Amino acid sequence: MKLNLKRLFFFNNLLTSLVPLLFVGIVSLVILKTYLQREMDQDLLLFARGTVSQITRFIKEPVDAVGFAFREMESGGDRDAILDRLIAAYPYFNSVFLLDVEGKVRHEGFKHDEGLSREDLLGMDLSDVAICKAALADNLVHWRESVSLATGEPVMTFCTSRGSGTILAEMHMHDLGQIINDANRGGIFRALVVDQAGRVIVHSDEAVVKRQENLSTLPIVRKALDGGEALGEFNFNGVGNRGATVKVPELGWVLVTYQDLDKMLAPYHAIRQIMLGGFVTAMLLALSLGRLATRSLRKPFDLLAEDARRVIREEYDTITPISSRIEEVELLSKTLRMMVETVRTRETQLNRTNDELLRAERELRELNLHLEKKVKERTEQLAQANHELVAVNDDLVERERSLENANHQLEAFAYSVSHDLRAPLRHASSFASILLEDHGSEMGDDARALMERILNGCRRMDELIAGILEFSRVTRQSLSRIPLDTTSLVKECLEELKDDLTGRQVELAISDLPESMADPLLLRQVWSNLLGNALKYTRKKETARIEAGSFEESGERVFYVKDNGAGFDSSHAEKLFGVFQRLHTQSEFEGTGVGLAIVANIIQRHGGRIWAKARPDEGATFFFTLPG
Amino acid sequence: MLRSFVVFILSASAVCGFVGCTKNEPIRLGFLGTITGKSGDLGVAGRDAVTLAVDELNRQGGINGRTIELIVKDDTGSPEIGAQAMTELVAVPVVAVVGSIASTVAKAAIPIAEKARVVMVSPTASSNEFSNRDDYFFRVMEPNFLFARHHAETALKLGARRIAALYDLQNRAYTADIFAAFKEEFTRSGGVLTKEITFDSALKPSFLHLAESLELSKADAVMVLANSADAITIIQQIRKLNNTIPIISGACGIAQRDLVQQAGKSLDNIIFTMPVDLQSSAEKYVRFKETFQKRFGYPPTMAAVLAADAAEMVFSGLRKNPDAGKLKETLSGLGTIQGLQGDLTLNKYGDPSRTLYIYRMKSGKEEVLR
């Protein structure tokens, strides 16, 4: 909810008036209620105790009267007349029966207008009536609340026994009700009596007694029946009451004194009404004052708002001072005018600054235009350079493609040349062999030696061509890399070379080699060539030693094959990896000079490197790497 | 703003008031019975039993969350006052009335119940007149003719073939009714009525004279049909004349509490038939008996048991269908209700079928004759 002045004044007035009112009111009400209740409880208890004393005195009187009648009878008076007098003298008696030792009615005093006749009553056998039995047994007075045979109403009966007989007297409860009514202090309190079972037997309203209502479920009655005094609230006949209970000792009955809660709390309710009235009045007052205050503030605020609108419209000269009884309003008006002056000064300054800014902006715009032109020129130059660079690049790509093409053609040419050269070579070789075999005897030694040289030359050339074809095959073969168990591969290669070991003393040192990621056929060729070379170049050693192993260097896995063979001069090591390049003569060690070129080609195609270290007559070591 | 404030307060209180009215409104049940006067004992016991049943039900949460409010009216045994009380009850309005106790009052109250379409369930009204009628009157006690027939059978079984009878003309709907049925059955079975004496208890007659006029020497047994207090006084007079003659009494005339105490030995050899078994060991009855004794300080009498059953009949109906307007149809279709001493079967008119028990007083206590 948005606050406005009216609401602000309303809530302000409401809070300042109501909070103290509520606080004081509630505290007063609580104190008043507690006080009233305490006072009432004391009075109720006092009244109850007093009334119980009166009841105790009241029930003593008929017993005394019966005792007097006994004495009269014992002194020889007419028994029926004595009992009639007793009934007449004490109106609360309904009937007084004198029973014989068998418990039968022998004499009676009875209000015969209530229904039963003397003849009906005489001779009735009451020996089984509980209180009579008890009285006959102990000669004490025994009380019991009962229902009248004549009227059906609740009555009190008592029985007492003497040597002259037993008297069973029935009394109505009206007089007891009267005692309670008389004891009532100016009609403030009411009272009732319940019997041992909790049934109402005495009440100022006889209808209540006749209804025989049972109050044993009321906690205060329950407590008193158990022997104590009690105070508490309860509902009776649909009315809320506060009451006190006290037990009547001789009879075991309970006297209940009570007062209508509404009456008891009348002062409390009155104060609460007054408080409620005050509450409503305060609320209305808060509302009225809020309206009044708002109205008196509204006009100067409207004028101030109009002045503010003039400022917006820049009608500074029309703003005039506002006169009001409220100091703050005048202060606001004065402040507004001061604000207007400040605004005007600021506005002049702003205008000036604005002009300067406009000028600067114009200059900037010009500078900007120049800059744009420069940038455009440079951009054009850069685009031109870029264009040229692209052309150069295209040219380079084109050249590379031509080179690759030429290379492929060259490889194809080499292959086809090698292949095609073999046929005439075989012809030459075959014819030379025929000549030597068929006409050798006709030839002189020189001619035969020359023929031998021709045959040797042909064989050598065939080997060279085979080497070229092998090299060509390897370089053209496609590459498929898979993980390989290198140690097994090396062992298999050695197994294939075992014929070369026959009759020789060779020490082989093959360490466990790591797995390789390579083409299986090509890598087998690498190891086969390198191990074959090692065997070949150690042939002249009495004891050959060949070692295959690997090590890690700068994060690279390096494999090597080391021998103690002929070795070579390391300065020529690079030559070794060219096709047909050899460092030993054919007579020293046979070979085509293709094997290492093939090895180098395979390693390079796998992305690896190959190099060698050696010294003449001290053996050689070939190293190569294979990327993971 | 003031206007909106006031509107808010008014609507809030209206809403609260409305909710309060519909949700907490109790179900109002009437009780009509003779609570004061000579026959007051039956009504007081009935009222106490219904009060107990209502309290028990309310403690268990009522019916469908609604508590029961009992409104008690005293008819004092007078048909006129009973009719007036019934008019007041239907005006409340009540969903049903447990009552009345006396057949004469029931007779006066039934037309009012019919007109207002309010169900009456009587604990003790047993007049033959009310049997087999499709009306708003239900009861949990069997009609008089069954009692009368039972009395006749009992008398013959006890060897009493000659009976002198005495009955009160007040509550004629009960006494005259039962006597006529008894007479028919008894004489049909070979019995002889040696004397038939009527009296009006309102005229305060001499009971000794009435007893003498019964000519007890010519009879094997006496039948007395009167209210409790008068029945006991009459029995006292009979006992003065004959200490041993069996006396057959109407159940309602003797099944009392305070009066039995006062009558003492005179009640020995009184025989009566009751529609309840005061020594029943049915679990529900035993619990009721304990609670009743504790609450009211006396053991439940026949009227108390029957009134509790009558209240249960109304509760069973409302549990089955809470629509009070349909209670008559609901009760007619109930078939059985769970009585204190076992299930009670109702015929299509809502009349029950109960087991009858013969009692004989001996030394101030009832003994059941099997």
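Structure's up top.
Residues numbered from 1 in each chain as written. Chains lettered and ligands numbered in written order. Predicted model: local features only at pLDDT ≥ 70, side-chain atom pairs only at ≥ 80, totals over all residues. Heavy atoms only, no water.

(A) Quick peek at the nonpolar core. All names here are of chain B. Core analysis: the largest hydrophobic core is formed by 116 residues, its most contacted members being L29, V121, I163, I238, F288, M313 and F315. The element best represented in this core is helix α12 (residues 302-320), accounting for 13 residues. Those residues within four positions of I238 in sequence are excluded, and the remaining contacts are A211, L214, L216, V222, V224, I245 and I247. (Core = buried A, V, L, I, M, F, W, Y, C linked by side-chain atoms within 4.5 Å. Buried < 20%, exposed > 50% of the residue type's maximum accessible area, 1.4 Å probe, protein only. Helix = DSSP H or I, 4+ residues; strand = E, 2+ residues; numbered from the N terminus. Contact = heavy atoms within 4.5 Å.)

(B) Just helix α11 (residues 283-296) of chain B, in detail. Residues and elements named next belong to chain B. The end-to-end C-alpha distance of α11, which contains 14 residues, comes to 20 Å, matching closely the 20 Å that a straight helix rising 1.5 Å per residue would cover. Tucked inside the fold, the buried residues of α11 contact α2 (40-59) and α12. Backbone geometry just after α11 places G297 at a positive phi near 80°. (Expected span 1.5 Å × (residues − 1).)

(C) Focus on the sheet that holds strand β3 (residues 142-147) of chain A. Residue and element names in this part refer to chain A. Taken together, the five strands give an open sheet; going across it, the order is β2-β1-β5-β4-β3, and neighbouring strands pair in antiparallel fashion. Single-partner strands in this sheet number two, and they are β2 (105-110) and β3. This sheet shows a mean twist of 20° between the axes of neighbouring strands, independent of strand direction. The sheet contact formed by β3 and strand β4 (residues 154-162) spans six bridges and is antiparallel. Across the sheet, W143 pairs through a bridge with F158, a residue of β4. (Pairing = 2+ DSSP bridges. Axes fitted to C-alpha atoms, helices over the stretch in contact; angles between N-to-C directions.)

(D) Representation of the sheet that holds strand β8 (residues 221-225) of chain B. All names here are of chain B. What the seven strands build is an open sheet, ordered β7-β6-β8-β9-β10-β14-β15; its pairing is mixed. The open sheet has two edge strands with one neighbour each: β7 (192-199) and β15 (365-369). Taken pair by pair, the neighbouring strands of this sheet meet at an average axis angle of 25°, ignoring direction. Looking at chain direction, strand β6 (residues 162-168) and β8 are connected through five bridges and run parallel. By the bridge assignment, I163 is partnered in β8 with A221. This element, helix α8 (residues 228-241), spans β6, β7, β8, β9 (247-249) and β10 (270-274) of the sheet and lies at about 160° to β8.

(E) The arrangement of the side chain of B:D75 in detail. Residue and element names in this part refer to chain B. Position of D75 relative to the elements: it lies in the loop between β2 (68-74) and α3 (79-91). For the buried residue D75, which engages in no salt bridge, the nearest side chain bearing the opposite charge is R47, 12 Å off. At 2.7 Å, the side chain of D75 forms a polar contact with the side chain of T34. (Lys, Arg positive; Asp, Glu negative; His and termini not counted. Salt bridge = Lys/Arg side-chain N within 4 Å of Asp/Glu carboxyl O. Polar contact = N/O pair within 3.5 Å; in protein donor to acceptor, adjacent residues only side chain to side chain.)

(F) A look at the pattern of salt bridges. All names here are of chain A. Tallied over the entire structure, the rule returns 46 salt bridges over all chains. Between E229 and R49 there is a salt bridge; the shortest N-O distance is 2.8 Å. Of this pair, E229 sits in the loop between α7 (219-225) and β8 (230-236) while R49 sits in helix α1 (residues 5-74); the two residues are 180 residues apart in sequence, bridging distant segments of the chain. Measuring nitrogen to oxygen at the nearest pair gives 3.0 Å for the salt bridge that ties E496 to R524. Residue E496 is found in helix α12 (residues 486-496), and its partner R524 is found in helix α14 (residues 520-537); the two are separated by 28 residues along the sequence. Salt bridges sharing common partners tie together E306, R309, R313 and E315.

(G) Representation of a nonpolar patch on the surface within the structure. Where nonpolar side chains cluster on the molecular surface, the patch consists of A:F23, A:V24, A:V27 and A:I31 and spans about 400 Å² of accessible area. Mapped onto the secondary structure, A:F23 falls in helix α1. (Patch = residues over 30% accessible without salt bridge, like charges linked within 9 Å, V, L, I, M, F, W, Y side chains within 5 Å. Areas by Shrake-Rupley, 256 points an atom, 1.4 Å probe, with all protein chains shown as cover.)

(H) Seen up close, the pairing of strand β14 (residues 357-362) of chain B. Residue and element names in this part refer to chain B. Bridge count between β10 and β14: four bridges; the pairing is antiparallel. Bridge pairing in β14 places I271 opposite R360. Relative to β15, β14 runs antiparallel, the two sharing five bridges. Looking across to β15, one finds that R360 is bridged to E367.

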